[in-house]
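Fold and contact review
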Amino acid sequence: MWRRWLFVGLVALLGLGLAQNRGGTLTIAIQTEPAAWDPTQVAGADISRVVYDNVLQGLVKRNAKGEIVPALAERWTISNSGLTYTFNLRRGVKFHDGSDFTAADVVAKFNRARNPDTKASGHLRPDLYKDISAVTAPNPYTVVFTLRQPNNDFLFILSRPESLITPSGAKLEDLRAKPIGTGPFRFAAWERGVAVRLERNPSYYIPNLPYLDGVNFRFLGDGDAQLAGLRAGDLDVIAYSLLPENAQVLSRDNRFKVFSGSGTAEAVAGFNHSRPPFNDVRVRRAITLATNKDELIQGAMLGYGTKIGSMRSPGEACYVDLSNFNPYNPDEARKLLAEAGFTAQNPLKFTYTLAAEFPYERRIGEAMVAQLNKLGPMLQVGIQVVDFNTWIQRVFTNADYAMTIIGHVEANDIGNWANPKYYWRYNNPRFQQLFTAYLRAPNMQKACENLAAAQRLLAEDAAAVFTMSLPALGAYRANIQNWPGSSLSPGIAVAEVWLQK
């Protein structure tokens, strides 16, 4: 009898090993078509959703649980002082162009990244790397970072999309249209206005991965068109942008699976602090008090979403629940506007800018404007809808706006409030001190105390209207296996996704 059960057990184990079928292609709907595909040069969440850990990789990465794990570095050590990080690199790794990945590529990348001359470097965020004093390579497979001062976010910074690594000899302009990395998929083609196509990397350093032959990311921002495409078989996945009402429809159809996973996206209705009257805390607080967040969640999002009160989602470390700070109070809002000098005869008028391609933010923004206009003639808010590339240029780059809303999907992005040049143009020395204290804290308890104080300060200052933490809401065909349902990584990692036949 024991031999029979041993045979059954072996068959079961073999079955597990064979369960991940190889082959096939997925077509995934994403919201926007970025202007380029190198996240070190151009901002945009959908860039990272396509290339992060699929095409481009860094020394470390964030997995589906949001944990920082090895990527191109097999392991690392941190000195007792917190000033020296030593990374041991994987051997035998090749870029998609056939060149070898070595420490020289890492050194070149981070010397470029920390160059304050962004026009020369082409790198978006040198501020992230300002604590690096030197990057050296004792040998081709070891890289040493020396910091000027301890930084509790340093590993997290290395896990960001801006820290992805490309060949040192590649031309930056070429990488915008066809990024070259070390990931499980190669960037095959960009059909502008339609989709990008990735194909399996046969030389990937992890044996047997990826399972799929290829992945197509199709640009389709319209929620109803996404639903029609999924039902018709033109799409296989709606990734993290499924309309709440369509989620309810698909949940009743056994051909599909709907997921609502954990995420780190805060829908932030931001003010331009460099433009009057939003440099007046009374005005910012009035608009915050005139916003009914519970109504936004129930009305605009059909209950999907979690109310927040600062720049932190509940799943992130050091989170403080400030969801009931500045509660809905239209009478107090009118009083504050009057104190700031606005009346029916002298109303506050401004335009609220929305990016067309983002259905969650657009419907939240439109509902919020309707709430604000209920205050009466002393507040008159109009709406301007622009395409996302225009939003990037006008709002994000030039801060040419009054108020806007966007989903900040990157985890641990509260530090953007310490950067006066960020598109909010928020410049609060006290916040900057608290965030610096968080970075330099000697232990996690002290770090969280400082980050908690920073969250409270943003709420007290009504730095923005922090409406809700957005869900990772999507759907896929029922034969798709091992789909990453959460949104705790910047990328839609599909290397381990497979199709049941």
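The text that follows walks through the structure, step by step, so that each part is easy to find. (Residues numbered from 1 in each chain as written. Predicted model: local features only at pLDDT ≥ 70, side-chain atom pairs only at ≥ 80, totals over all residues. Heavy atoms only, no water.)

A few points about the overall build of the protein
- Within the protein, the regular secondary structure consists of 15 helices and 19 strands.
- Against the 2.2 N^0.38 benchmark of 23 Å for 501 residues, the protein shows a C-alpha radius of gyration of 24 Å, consistent with a compact globule.
- Along the longest, intermediate and shortest principal axes, the C-alpha atoms of the protein span 85 × 55 × 50 Å.
- In the protein, which comprises 501 residues, the proportion classed as buried is 54%.
- A fraction of 70% describes how many contacts in the protein between residues 6 or more apart in sequence connect residues 24 or more apart. (Helix = DSSP H or I, 4+ residues; strand = E, 2+ residues; numbered from the N terminus. Rg over C-alpha atoms; globule rule 2.2 N^0.38 Å. Buried < 20%, exposed > 50% of the residue type's maximum accessible area, 1.4 Å probe, protein only. Contact = heavy atoms within 4.5 Å.)

Considerations on the pattern of salt bridges
- One pass over the full model with this rule turns up 20 salt bridges.
- Two residues, Asp 127 and Arg 125, come together in a salt bridge whose shortest N-O distance is 2.8 Å.
- Taking the relative accessible area as the measure of exposure, Asp 127 reaches 28% and is therefore partly exposed.
- In this structure Arg 125 comes out as buried when scored by relative accessible area, which is 12%.
- A salt bridge links Arg 477 to Asp 236; the shortest N-O distance between them is 3.4 Å. Of this pair, Arg 477 sits in strand 17 (residues 464–477) while Asp 236 sits in the loop between helix 7 (223–232) and strand 11 (237–238), placing them 241 residues apart in sequence.
- For Asp 236, a relative accessible area of 15% corresponds to the buried category.
- Residues joined by salt bridges that share partners form a network here, namely Arg 186, Arg 197 and Glu 199. (Salt bridge = Lys/Arg side-chain N within 4 Å of Asp/Glu carboxyl O.)

So, unusual backbone geometry
- A cis geometry characterises the amide bond from Leu 209 onward to Pro 210, with omega recorded as -5°.
- With respect to the helices, strands and loops of the structure, Pro 210 is situated in the loop between strand 9 (195–200) and strand 10 (214–219).
- Here the amide bond leading from Pro 276 into Pro 277 is cis, since omega sits at 5°, within 30 degrees of zero.
- Position of Pro 277 among the secondary structure elements: in the loop between strand 12 (256–271) and helix 9 (281–289).
- In this structure, Asn 412 is a non-glycine residue whose phi angle is positive, near 55°.
- If you trace the backbone, Asn 412 turns up in the loop between strand 16 (403–408) and helix 14 (429–440).
- For Ala 462, which is not glycine, the phi dihedral falls at a positive 45°.
- For Ala 462, the position within the fold is in the loop between helix 15 (444–460) and strand 17.
- What makes Ala 462 buried here is its relative accessible area of 1%.

With respect to the pairing of strand 16
- For strand 16, the tally of buried residues reaches six of six residues, placing the bulk of the element in the interior.
- Here strand 16 shows a buried face lined by Met 403, Ile 405 and Gly 407 and a second buried face lined by Thr 404, Ile 406 and His 408.
- In this sheet, strand 16 lies alongside strand 12 in antiparallel orientation, the contact comprising six bridges. What sits directly across from Gly 270, in strand 16, is Thr 404. (Pairing = 2+ DSSP bridges.)

With respect to helix 7
- Regarding helix 7, the residues found buried are Gly 223, Gln 226, Leu 227, Gly 229 and Leu 230. Seen along its axis, helix 7 keeps its buried residues to an arc of 165°; they face one direction.
- Residues of helix 7 that are buried in the fold lie against strand 1 (25–30), strand 11, helix 8 (244–250), strand 12 and strand 17.
- Near the N-terminus of helix 7, the side chain that reaches the backbone nitrogen of Asp 224, with its oxygen 3.2 Å away, is that of Asp 222.
- The first or second residue beyond helix 7 is Gly 233, which carries a positive phi of 90°. (Arc of directions from axis to C-beta. Polar contact = N/O pair within 3.5 Å; in protein donor to acceptor, adjacent residues only side chain to side chain.)

Some remarks on the packing of aromatic side chains
- Under the counting rule described, the total for this entry stands at 33 aromatic pairs.
- Seen in terms of ring centroids, Phe 388 and Trp 391 are 5.9 Å apart; in terms of plane orientation they differ by 15°. Their pairing is stacked. Taken together, the residues span about one helical turn, with Phe 388 and Trp 391 both in helix 13 (residues 388–397) at a distance of three residues. The two residues Phe 388 and Trp 391 agree in class, both being buried.
- Ring geometry for Phe 396 and Tyr 423: centres 5.7 Å apart, planes at 45°, overall tilted. A residue pair is termed long-range when its members are at least 10 positions apart, and Phe 396 in helix 13 and Tyr 423 in the loop between strand 16 and helix 14 qualify at 27 residues.
- In this structure, Lys 109 packs its charged tip against the face of Phe 110, placed 5.7 Å from the ring centre.
- Across from the ring centre of Trp 190, 3.7 Å away, lies the NZ or CZ of Arg 192, which sits over that ring. (Phe/Tyr/Trp six-rings, centres within 6.5 Å; stacked < 30°, edge-to-face > 60°. Lys NZ or Arg CZ within 6 Å of the ring centre and 35° of its normal.)

Overview of the packing of helix 9 against helix 11 (residues 330–339)
- Packing of helix 9 against helix 11 leaves a shortest axis separation of 8 Å and a crossing angle of 160°. Viewed along their axes, helix 9 and helix 11 adopt a mutual orientation that is roughly antiparallel. Once helix 9 is placed against helix 11, the crossing between them reads as left-handed. Residue-level contacts link Arg 282, Arg 285, Ala 286 and Leu 289 of helix 9 to Pro 330, Glu 332, Ala 333, Leu 336, Leu 337 and Glu 339 of helix 11.
- Here the residues of the contact of helix 9 with helix 11 are counted per class, giving six nonpolar, no polar and four charged. (Axes fitted to C-alpha atoms, helices over the stretch in contact; angles between N-to-C directions. Parallel < 35°, antiparallel > 145°, perpendicular 65-115°, else oblique. Left-handed = near helix turned anticlockwise from the far one by under 90°. Nonpolar A, V, L, I, M, F, W, Y, C, P; charged D, E, K, R; others polar.)

Considerations on the side chain of Gln 455
- For Gln 455, the location among the structural elements is in helix 15.
- From its side chain, Gln 455 meets the backbone nitrogen of Val 320 in a polar contact 3.1 Å long.
- Discounting chain neighbours no more than four positions away, the residues touching Gln 455 are Ser 310, Arg 312, Cys 318, Tyr 319, Val 320, Leu 322 and Ile 414.

Quick word on the sheet that holds strand 7 (residues 142–147)
- In spatial order, the strands read 4-5-7-6; together these four strands make up an open sheet with antiparallel pairing. Looking along the sheet, the strands with just one partner apiece sit at the ends: strand 4 (73–78) and strand 6 (132–139). Going from strand to strand, the sheet's axes swing by 20° on average, the running direction of each strand aside.
- Docked against the sheet, helix 3 (residues 103–113) engages strand 5 (84–89), strand 6 and strand 7, running at close to 170° with respect to strand 6.

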